[in-house]
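An overview of the molecular structure
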Amino acid sequence: MGSGWSSEEERQPLLGPGLGPAPGTAWRSREAAAAAAAALPAAAGSPGRVYGRRWLVLLLFSLLGFAQGLVWNTWGPIQNSARQAYGFSSWDIALLVLWGPIGFLPCFAFMWLLDKRGLRITVLLTSFLMVLGTGLRCIPISDLMLKRRLIHGGQLLNGLAGPTVMNAAPFLSTTWFSADERATATAIASMLSYLGGACAFLVGPLVVPAPNGTSPLLASENSRAHIKDRIETVLYAEFGVVCLLFSATLAYFPTRPPLPPSVAAASQRLSYRRSFCRLLSNLRFLMIALAYAIPLGVFAGWSGVLDLILTPVHVSQIDAGWIGFWSIVGGCVVGIAMARFADFIRGMLKLILLLLFSGATLSSTWFTLTCLNSITHLPLTTVTLYASCILLGVFLNSSIPIFFELFVETVYPVPEGITCGVVTFLSNMFMGVLLFFLTFYHTELSWFNWCLPGSCLLSLLLILCFRESYDRLYLDVVVSV
């Protein structure tokens, strides 16, 4: 994990010289790991201990991710209302979503901070950026031009919090949780950020009225003022939630437990520079990283402008919000369930991903063909749109924690934060490129729908060709035994 434990003695790896994998290498076989474990003294073979406070740490981190996702997706579900209240253009709406992936540009600086200074400093900085961002959006100014700039600045600051809340989940789970709880903790910490984005589909359309839902007896200016007041209510509420979380994190969020929970948590990791060399030279990692980054990046960008995509097929803002909400919520629930299953049945991560992406390819193809009902003559109803979108969200979102665990297992002993930072950076770059093209081709969105089944099929093929390994897990098992 790159940082030491609480004393000089504890900073030494449990696997002494000659017993662990050589620097820059991992276990080459189970026999080698077993031989190293047999040579360990009895004290070193202790499986470690876990603390009850780990659940409080997980809760605070997960809620912070929830709030960041909620703030990021504030504007997509209410884009029609935001146009009328603040004079946003299609470019503005896309850019408000685009600040999320743009915030990942300094991703590796946050991962360096996580690796060197630990969770507390990194999480405090992240939550402080969110306080600044949400507060900037709440400054009362009558000048619409300046107000739009403040909103864009606030979204950028919130986007800068993304690298931590989306990358640090495996780092947290390894630092605080035992081997049979790691996948579950990773799933909870990573899924809550997506659940926050899902709640934006629910909160925004329910609190903020759509322009065509305003009373016709009101003058145009009064209608705009009413919508603007409701949007500001949402902004103030989000600001209050973020301030509360920042205060809780400042009061209690330890960097690490007094003792490591597992052998892998205490073992020596590669340096920051050697980790990048290891990742970029590992073809298996690059293969599985693309299998994650391409479809998840496409899906994230597609979800962020779901209201815009469904407008041509005459889906209301409220219905689009419910479709986005249930697609992500279903993925979060199934993702946590899958991770818990993976904790019980170890060594099945590749098989789980193959099943999930087979379903994602079929459901995304169904949605795309349904939107082309004038050609395919498939029934275009609320039921079919709900079913295809929800299934797509379930299959793709539930794969995220499984991917994270597989990344860490594949490149161990590279630190978890650096590994997940690389793949989420790639994912956000794919999302950013798609949203950039969307700003120029927003009048014709059928190409965006076709990106979904294409990316899912490509990922399915990459996973099928991937050769899995479980070096970190096997190290914990043989040493603990």
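Since the model is a prediction, treat every value here as computed from it, not as a measurement. (Residues numbered from 1 in each chain as written. Predicted model: local features only at pLDDT ≥ 70, side-chain atom pairs only at ≥ 80, totals over all residues. Heavy atoms only, no water.)

**Section: the nonpolar core**
Let me state the cut-off plainly: In plain words, nonpolar cores are sets of buried Ala, Val, Leu, Ile, Met, Phe, Trp, Tyr and Cys residues tied together by side-chain atoms within 4.5 Å. Only protein chains enter the area calculation, which uses a 1.4 Å probe; residues under 20% of their type maximum are buried, those over 50% are exposed, and those in between are partly exposed. Helix and strand assignments follow DSSP, with helices taken as H or I runs no shorter than four residues and strands as E runs no shorter than two, numbered in order from the N terminus. Should any heavy atoms of two residues lie within 4.5 Å, those residues are considered in contact.
Ranked by internal contacts, the top residues of the largest apolar core, which has 103 residues, are L119, L172, Y292, W302 and F403. If you tally residues by element for this core, the top one is helix α14 (residues 283-304), at ten residues. In this structure L172 touches V57, L58, F61, L119, F177 and F253, once residues within four positions along its chain are discounted. With 18 residues, the next largest nonpolar core counts A82, C138, V208 and L235 among its residues.

**Things to note about helix α9 (residues 169-176)**
Among the eight residues of α9, eight are classified as buried, and the element is accordingly described as predominantly covered. All buried positions along α9 are accounted for by A169, P170, F171, L172, S173, T174, T175 and W176.

**Remarks on the side chain of T419**
On the secondary structure map, T419 appears in helix α21 (residues 416-440). We classify T419 as buried; its relative accessible area is 0%. Setting aside residues up to four positions removed in sequence, T419 forms contacts with L279, F285, F407, V408, V411 and V414.

**Comments concerning the packing of aromatic side chains**
Using the following cut-off: Only rings of Phe, Tyr and Trp enter the pairing, Trp through its six-membered ring, and a pair is recorded when the two centres are within 6.5 Å. The plane angle decides the type: under 30 degrees is stacked, over 60 is edge-to-face, the rest tilted.
Evaluated as defined, the whole model comprises 15 aromatic pairs. A centroid spacing of 5.2 Å and a plane angle of 80° characterise the contact between F108 and F276, whose relative ring orientation is edge-to-face. Of this pair, F108 sits in helix α5 (residues 107-117) while F276 is found in helix α13 (residues 272-280), placing the two residues 168 residues apart along the sequence. Joined through ring pairs, the aromatic side chains of F285, Y292, F357, F403, F404 and F407 make up one cluster.

**Focus: empty space enclosed by the protein**
Stated formally: Buriedness for pockets is judged along seven lines, at least five of which must meet protein on both sides within 12 Å for an open set on the 1 Å grid over protein atoms alone, while cavities are sets there where a 1.4 Å probe fits but cannot get out, and lining residues have an atom within 4 Å of a point. Grid points are joined across faces, edges and corners, and a volume is the space filled by probe spheres set on the points. Note on residue classes: Ala, Val, Leu, Ile, Met, Phe, Trp, Tyr, Cys and Pro are nonpolar, Asp, Glu, Lys and Arg are charged, and everything else, Gly too, is polar.
Per the stated rule, a full pass over the model turns up five cavities of 30 Å³ or more. Taken as a whole, the largest cavity encloses approximately 380 Å³ of empty space. Looking at the largest cavity, it is lined by 26 residues, and the ones nearest its centre are W72, M166, Y194, A300 and M431. At the level of elements, α2 (54-72), α8 (162-167), α10 (182-207), α14 and α21 are the ones that each hand at least two residues to the lining of the largest cavity. In terms of residue class, the lining of the largest cavity is made up of eleven nonpolar, 15 polar and no charged. Approximately 140 Å³ is the volume attributed to the second largest cavity. In terms of lining, the second largest cavity is formed by 13 residues, of which the most central are A342, D343, E405, E409 and L473. Those elements that provide at least two residues to the lining of the second largest cavity are α10, α16 (317-344), α20 (400-411) and α23 (471-480).

**Things to note about the pattern of salt bridges**
Using the following cut-off: When a carboxyl oxygen of Asp or Glu is within 4 Å of a side-chain nitrogen of Lys or Arg, the pair counts as a salt bridge.
Scanning all chains against the criterion turns up six salt bridges. Residue E181 is joined to R54 by a salt bridge in which the shortest nitrogen-to-oxygen separation is 3.1 Å. Here E181, found in the loop between α9 and α10, pairs with R54, found in helix α2; they are 127 residues apart in sequence, far enough to count as distant. In this pair, the class of E181 matches that of R54, namely buried. Between R472 and E416 there is a salt bridge, with the nearest N and O atoms lying 3.8 Å from each other. Of this pair, R472 sits in helix α23 while E416 sits in helix α21; the two residues are 56 residues apart in sequence, bridging distant segments of the chain. Here R472 matches E416 in class, with each residue buried. Within this structure, E405, E409, E416 and R472 form a network of salt bridges that share partners.

**So, unusual backbone geometry**
Negative phi values dominate among residues other than glycine, just as trans dominates among peptide bonds. In the segment running from Y412 into P413, the intervening peptide bond is cis, with an omega of 20°. Assignment of secondary structure puts P413 in the loop between α20 and α21.

**Side note on helix α4 (residues 90-102)**
Let me state the cut-off plainly: For a helix, the expected span equals 1.5 Å multiplied by the number of residues minus one. Note that bend, as reported per residue, equals the angle between axes fitted to the 7 residues terminating at that residue and the 7 residues originating from it.
Compared with the 18 Å implied by 1.5 Å per residue over 13 residues, the 18 Å span of α4 between its first and last C-alpha is a close match. By the largest-angle criterion, L96 marks the main kink of α4, which is about 30°. For α4, the buried fraction is high: ten of the 13 residues fall into the buried class. Those residues of α4 lying buried are D92, I93, A94, L95, L96, V97, L98, W99, G100 and P101.

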